[in-house]
Amino acid sequence: MENTPDSQKSARAKVSVNELSPLVAHSKSKKLAAIANKSTTVSQPTPKTAVFSGVKSEPETVALQQARQLIDARIHEIMRSFPEGRRTKLFTIRFGSVAKIQGLEIKAAFKLLDINHQQLNMRLLATLNYHGDSV
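No experiment lies behind these values; they were computed from the predicted model shown. (Residues numbered from 1 in each chain as written. Predicted model: local features only at pLDDT ≥ 70, side-chain atom pairs only at ≥ 80, totals over all residues. Heavy atoms only, no water.)

K.L.:
Give a description of the overall build of the protein that names residues and reports values.
P.N.:
Broken down by element type, the protein carries 6 helices and 0 strands. Listing the helices and strands of the protein from first to last along the sequence gives α-α-α-α-α-α. Relative to its full complement of 135 residues, the protein shows a buried share of 22%. Contacts in the protein between residues at least 24 apart in sequence constitute 52% of all its contacts with a sequence separation of at least 6. Carbon together with sulfur atoms contributes 53% to the accessible area of the protein, which is approximately 11,100 Å² in total. (Helix = DSSP H or I, 4+ residues; strand = E, 2+ residues; numbered from the N terminus. Buried < 20%, exposed > 50% of the residue type's maximum accessible area, 1.4 Å probe, protein only. Contact = heavy atoms within 4.5 Å. Areas by Shrake-Rupley, 256 points an atom, 1.4 Å probe, with all protein chains shown as cover.)

Rendered as structure tokens:
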């Protein structure tokens, strides 16, 4: 009975594991420091002031921003109603692409997306599209 489990364990070579330090220390490498800083810093979105090319007065700017918010909210609401993997495709089939909707006049986009525009002054937005350009 020489081949017992205890005698086989003693016959095996023992393995030792040593950790090696990286070739370059984190403090001495700009790239490694940038990667470490990128993962720890959280960028906060800065509020953007929208500049519209076709808009001439402040009331038009305010009305256009409100119209854009309504359009964006309605697009997101419709997209959420579709299955997750097919949202953009189903939205494009039913309404057209988001870029196409943004290229339409505000009034036409509201009609296409079935948005109530009673709270906006549509006379100010009569010839403007989503981006503030004249159509």
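K.L.:
Can you explain helix α3 (residues 58-81)? Please cite residues and give values.
P.N.:
Here α3 is 24 residues long and its end C-alpha atoms lie 35 Å apart, about the 34 Å a rise of 1.5 Å per residue gives. Within the sequence span of α3, burial applies to Glu60, Ala63, Leu64, Ala67, Ile71, Ile75, Ile78 and Met79. Contacts from the buried residues of α3 go to α4 (87-95), α5 (98-103) and α6 (106-113). (Expected span 1.5 Å × (residues − 1).)

K.L.:
Could you give me a rundown of the pattern of salt bridges, with the residues and numbers involved?
P.N.:
This model, assessed by the stated rule, comprises 1 salt bridge. Across the pair Glu77 and Arg74 runs a salt bridge, and its minimum N-O distance is 3.1 Å. Of this pair, Glu77 and Arg74 are both found in helix α3, 3 residues apart, which corresponds to roughly one turn of the helix. For Glu77, a relative accessible area of 43% gives the class partly exposed. (Salt bridge = Lys/Arg side-chain N within 4 Å of Asp/Glu carboxyl O.)

K.L.:
Before we move on, can you summarise unusual backbone geometry with the specific residues and values?
P.N.:
Of all residues except glycine, most have a negative phi; of all peptide bonds, most are trans. Positive phi is not limited to glycine here, since Asp114 has a value of about 60°. You can see Asp114 is positioned in the segment after α6.

K.L.:
Go over the nonpolar core with me, naming the residues and quoting the values.
P.N.:
Of all hydrophobic cores here, the largest spans 21 residues; its most connected members are Ile71, Phe91, Ile106, Phe110, Leu113 and Leu125. Going through the elements one at a time, α3, α4 and α6 are the ones with two or more residues in this core. No other element matches α3, which puts 7 residues into this core. Those residues within four positions of Leu113 in sequence are excluded, and the remaining contacts are Ile71, Arg74, Ile75, Ile78, Phe91, Phe95 and Ile101. (Core = buried A, V, L, I, M, F, W, Y, C linked by side-chain atoms within 4.5 Å.)

K.L.:
Tell me what's going on with the packing of aromatic side chains, and back it up with residues and numbers.
P.N.:
Counting across every chain of the model gives 1 aromatic pair. Ring centres of Phe91 and Phe95 lie 5.1 Å apart, and the angle between their planes is 35°; on these two criteria the pair is classed as tilted. With Phe91 and Phe95 both in helix α4 and 4 residues apart, the pair spans about one turn of that helix. In this structure Phe95 comes out as buried when scored by relative accessible area, which is 9%. One cation-aromatic arrangement involves Arg68 over Tyr130; the distance from NZ or CZ to the ring centre is 4.4 Å. (Phe/Tyr/Trp six-rings, centres within 6.5 Å; stacked < 30°, edge-to-face > 60°. Lys NZ or Arg CZ within 6 Å of the ring centre and 35° of its normal.)

K.L.:
Quick rundown of the packing of α3 against α4? Include the residues and the values.
P.N.:
The contact between α3 and α4 brings their axes to 9 Å, and the two run at 115°. Of the two possible hands of crossing, α3 and α4 adopt the one that is right-handed. Within the contact between the two elements, α3 uses Ile75, Ile78, Met79 and Arg80 and α4 uses Arg87, Thr88, Phe91 and Phe95. Its residues assigned to classes, the contact of α3 with α4 comprises 5 nonpolar, 1 polar and 2 charged. (Axes fitted to C-alpha atoms, helices over the stretch in contact; angles between N-to-C directions. Left-handed = near helix turned anticlockwise from the far one by under 90°. Nonpolar A, V, L, I, M, F, W, Y, C, P; charged D, E, K, R; others polar.)

Just distances and angles here, no functional claims.
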